[in-house]
There are 2 protein chains.
Amino acid sequence: MTARRARRTRRVTLRDVAAAARVDPSAVSRVVNNDPRVSVSEATRQRILEKVAQLGYRPNVGARGLRTSKTWTIGFVLPSLGNPMYEPIVRGVETEAHERGYGIVLGSQIEGRSPGTFASLLQEGRVDGLLVASSSLHDDFIRDIIEHGPGPVVPVNRRVEGVKSCVVVNDEAASAKAVHYLAGLGHELIGGIFGPSEIDTAIRRKKGFLEAVAEASVSSVGVDRPGWTAEHGYTAARQILRDAPEVTAIYASTLLMGLGVLRAAAEEGRAVPSSLSVICLHDNPAVSAYLVPPLTTVRLPTEEMGRRAVQLLIERAEGGPERAIMIEGDGEILERASSGPAPTSR
Amino acid sequence: MTARRARRTRRVTLRDVAAAARVDPSAVSRVVNNDPRVSVSEATRQRILEKVAQLGYRPNVGARGLRTSKTWTIGFVLPSLGNPMYEPIVRGVETEAHERGYGIVLGSQIEGRSPGTFASLLQEGRVDGLLVASSSLHDDFIRDIIEHGPGPVVPVNRRVEGVKSCVVVNDEAASAKAVHYLAGLGHELIGGIFGPSEIDTAIRRKKGFLEAVAEASVSSVGVDRPGWTAEHGYTAARQILRDAPEVTAIYASTLLMGLGVLRAAAEEGRAVPSSLSVICLHDNPAVSAYLVPPLTTVRLPTEEMGRRAVQLLIERAEGGPERAIMIEGDGEILERASSGPAPTSR
DNA sequence: CTGGATCTTTCAAACGGTTGACCTCACCCG
DNA sequence: CGGGTGAGGTCAACCGTTTGAAAGATCCAG
């Protein structure tokens, strides 16, 4: 009769290691954690480390967390993952967290999920703190989470009224840069498509756009939308192209919106870029470079934003002060085929 | 002097509730968990529940997990989130997990992260099981995780040789359906673009494609690529269009690849769909509907795949048997503007 | 009024680590 | 030779829950 494979290798505990190395569990714990307060001879240290490696011991985070009240886990609330601009943020968050020994638990913002859902991540001791990257949650919702969650909460890529901590990029400057770029190409009437008018991120983008328009002495026609998707970009662009067909360029607040603009242009018979230039904020080269035509974008340091957000959150979890971080830089224009000189007026 | 806001509301514990309700902590525990083995008078039950609500008590998952060796958390390994086709899977996984009281911890597959990284989620007792949705990890890599992780691991959207458990959709049938659809439009030479030739998912899609090509008595020219991105689709399509310009339709294995095909077509001067039809597997309407032209796709029940995967994993974590699940259905063709009748030969 | 039987409640031992305090030597110095 | 010192290690309590078992309370029949 063949030996049945063991049902499941039991997890290796501190005690197992201690027994194998013939020392007290506390000694193992101190070696594993490099506790400087208690000395262990080099010989036993080696013996312990050897057994740790040999048995493949890994401390149980739950038990450790119980004692130290640290879970080594960060909660990350974000909207639909379908938006390609979240990819670099997630990568930044994941990488930084991983490097510092933290895990990430996902809190997708799925239709109609209440603030309590996210606050309970904190209440249940599942996470040490919460990152909120959703740019479509209402401020109240986020304040509600903060109110009921016993732990730090840091908004990412947006600010929330009354909440000091946050990590953002300079959306305002980037939007302005896009406008100046277009103005530099000779465009004199520029369409602008913005997000939900009550959300900080949308407000800052719009502000940067409008100020630059004034500064560059060009004209503009702007439209707000209650979301950031391709559909929002599409309907907004249709509206602009119908109401003000003289526009020769359109600025969109997000990559997906830019997608919608391209389609609207095609449907309205506007060739891009000869008759209409299109530019948008936030790049994801895996997508934007393969559109027809490839989309000109303003790249912002979003991966860094993710990393810094994790840093700030950990800092706060360890008792650090509230801070607002704006990552410097006005972005980099990635010029692709969707933008070009304004058509010479006839 | 104004009162300083409390530094942080301490977490409410079982003992706090017990003290408030003047009962033993164990009574609270049993009420909270509806333990049927021990009875509690209706009066005290009410008193306890009242205090629970009043204090906002939520059991600490870490402590509970320590005792019960269940973390109520599932690990989810997936590649870059930039791929819009993962969105529905993630949504399915997240929703189902949430409904069953589980949390999701993310394990992004970031360049050069070793199997150990993922296995340690299990070893550290962070999760009860692991879902692996990456269609670009090598089989060995996944077997390695399974080998070292003390807990169930379920591949999603792919099968792994030697691993029975998995959840997939019928990629083969869906690919075949795409081919028959094109054949039905009169296309007689169809290009096929596939993923990494050693990955099960790519193999099944290719198989379905080739069998349908034979069945429909049309010809084909196929290309394998070592990944699934727009760039892979782009280079593959260029190659096909150059080597076999007579093709009148191209099938791409993923949405992003389809994107690349559209761009290649534009660059080669092939109008879509009048001179070249394009279709791809897996839909994400937030993207595909806004391309120029909107992309015809085959939609598969990927959200359900995510849900079923969670179900199977939980089942396995509770001691259930290994099972392979294929979600029925050959997909639904979402006909958009990128496909049409074959150009009539001159 | 007494002795189960039954219902309600409490006790205490885990789970796997961490950590302040304590113990035991050997060694050194005056 | 006594005592101080420091290195090397162990003890035991604790973190917040769960859960088998025991203890108390209540009730009913004899």
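Residues numbered from 1 in each chain as written. Chains lettered and ligands numbered in written order. Predicted model: local features only at pLDDT ≥ 70, side-chain atom pairs only at ≥ 80, totals over all residues. Heavy atoms only, no water.

Trainee: Residue-level account of the interface of chain B and chain A, with values.
Mentor: Taken residue by residue, the interface counts 58 residues in chain B and 58 residues in chain A. With both chains or domains summed, chain B and chain A bury close to 5100 Å², and 58% of this area falls on carbon and sulfur atoms. If you sort the residues of chain B by the area they bury against chain A, B:Arg11, B:Arg126 and B:Tyr290 come out on top, with a joint share of 14%. Taken together, the links from chain B to chain A amount to four salt bridges. Between A:Arg113 and B:Glu94 there is a salt bridge, and its shortest N-O distance comes to 2.8 Å. Joining chain B to chain A, the criterion identifies 18 residue pairs in polar contact (both at pLDDT 80 or more). Mapped onto the side of chain B that touches chain A, the elements with two or more residues apiece are helix 4 (61-68), helix 5 (86-99), strand 2 (103-108), helix 6 (115-123), helix 10 (230-243), helix 11 (255-267) and helix 12 (285-288) of chain B. When the residues that make up the side of chain B that touches chain A are grouped by side-chain class, the tally is 28 nonpolar, 18 polar and 12 charged. Where strand 2 (residues 103-108) of chain A lies against strand 2 of chain B, three bridges are found, and the strand directions are antiparallel. Paired with A:Ile104 across the strands is B:Leu106, a residue of strand 2 of chain B. (Contact = heavy atoms within 4.5 Å. Buried area = accessible area lost by both parts, 1.4 Å probe. Salt bridge = Lys/Arg side-chain N within 4 Å of Asp/Glu carboxyl O. Polar contact = N/O pair within 3.5 Å; in protein donor to acceptor, adjacent residues only side chain to side chain. Helix = DSSP H or I, 4+ residues; strand = E, 2+ residues; numbered from the N terminus. Nonpolar A, V, L, I, M, F, W, Y, C, P; charged D, E, K, R; others polar. Pairing = 2+ DSSP bridges.)

Trainee: Outline the domain arrangement of chain A, listing residues and values.
Mentor: Entries for chain A in the domain assignment read domain 1 (2-59), domain 2 (73-169 + 302-327) and domain 3 (171-300 + 332-345). Its C-alpha centre places domain 1 of chain A at a distance of 35 Å from the equivalent point of domain 2 of chain A. (Domains from an automatic or database assignment.)

Trainee: Can you explain the protein's contact with DNA strand D? Please cite residues and give values.
Mentor: Within the structure, DNA strand D sits among 27 residues, and B:Leu14, B:Arg15, B:Arg30, B:Arg64 and B:Arg67 are positioned closest to it. Take the atoms of DNA strand D that sit within 4 Å of the protein: sugar and phosphate atoms are 52% of them. Between DNA strand D and A:Arg30 there is a distance of 3.0 Å, counted from a base oxygen to a side-chain nitrogen or oxygen. Contacts to DNA strand D include B:Ala63, whose backbone N or O atom sits 3.3 Å from a base nitrogen. Split by residue class, the surface near DNA strand D holds eight nonpolar, 10 polar and nine charged. (Near = heavy atom within 4 Å.)

Trainee: Describe the sheet that holds strand 7 (residues 219-224) of chain A, listing the residues and the values that go with them.
Mentor: Residues and elements named next belong to chain A. The strand order across the open sheet built from six strands is 7-6-8-9-10-12, with neighbouring strands paired in mixed fashion. Edge positions in the sheet fall to strand 7 and strand 12 (332-334), since each has one partner strand and no second. Strand after strand, the sheet turns through a mean of 20° between neighbouring axes, direction not considered. When strand 8 (residues 249-252) meets strand 9 (residues 277-281), the two strands line up parallel, connected through four bridges. The residue of strand 9 that forms the bridge with isoleucine 250 is valine 278. Across the sheet, helix 8 (residues 171-184) lies against strand 6 (189-194), strand 8, strand 9, strand 10 (296-299) and strand 12, angled at about 165° from strand 9, the strand it touches most. Here helix 10 (residues 230-243) sits on the sheet and contacts strand 6, strand 7 and strand 8; the angle it forms with strand 6, its principal contact strand, is near 150°. (Axes fitted to C-alpha atoms, helices over the stretch in contact; angles between N-to-C directions.)

Trainee: Let's hear about the protein's contact with DNA strand C: which residues, and what values?
Mentor: Inspection of the region around DNA strand C gives 29 residues, with A:Leu14, A:Arg30, A:Arg64, A:Arg67 and B:Val38 positioned closest. Among the atoms of DNA strand C lying within 4 Å of the protein, the sugar-phosphate backbone contributes 49%. Separating a phosphate oxygen of DNA strand C from a side-chain N or O atom of A:Arg64 is a distance of 2.5 Å. At 3.2 Å from a phosphate oxygen of DNA strand C is found a side-chain nitrogen or oxygen belonging to B:Ser39. Sorting the residues of the surface near DNA strand C by element identifies helix 1 (14-21), helix 2 (25-32) and helix 4 (61-68) of chain A together with helix 2 (25-32) and helix 4 of chain B as the ones contributing at least two each. By residue number, the principal contributor to the surface near DNA strand C is helix 4 of chain A, which donates five residues. Tallied by class, the residues present in the surface near DNA strand C amount to 10 nonpolar, 10 polar and nine charged.

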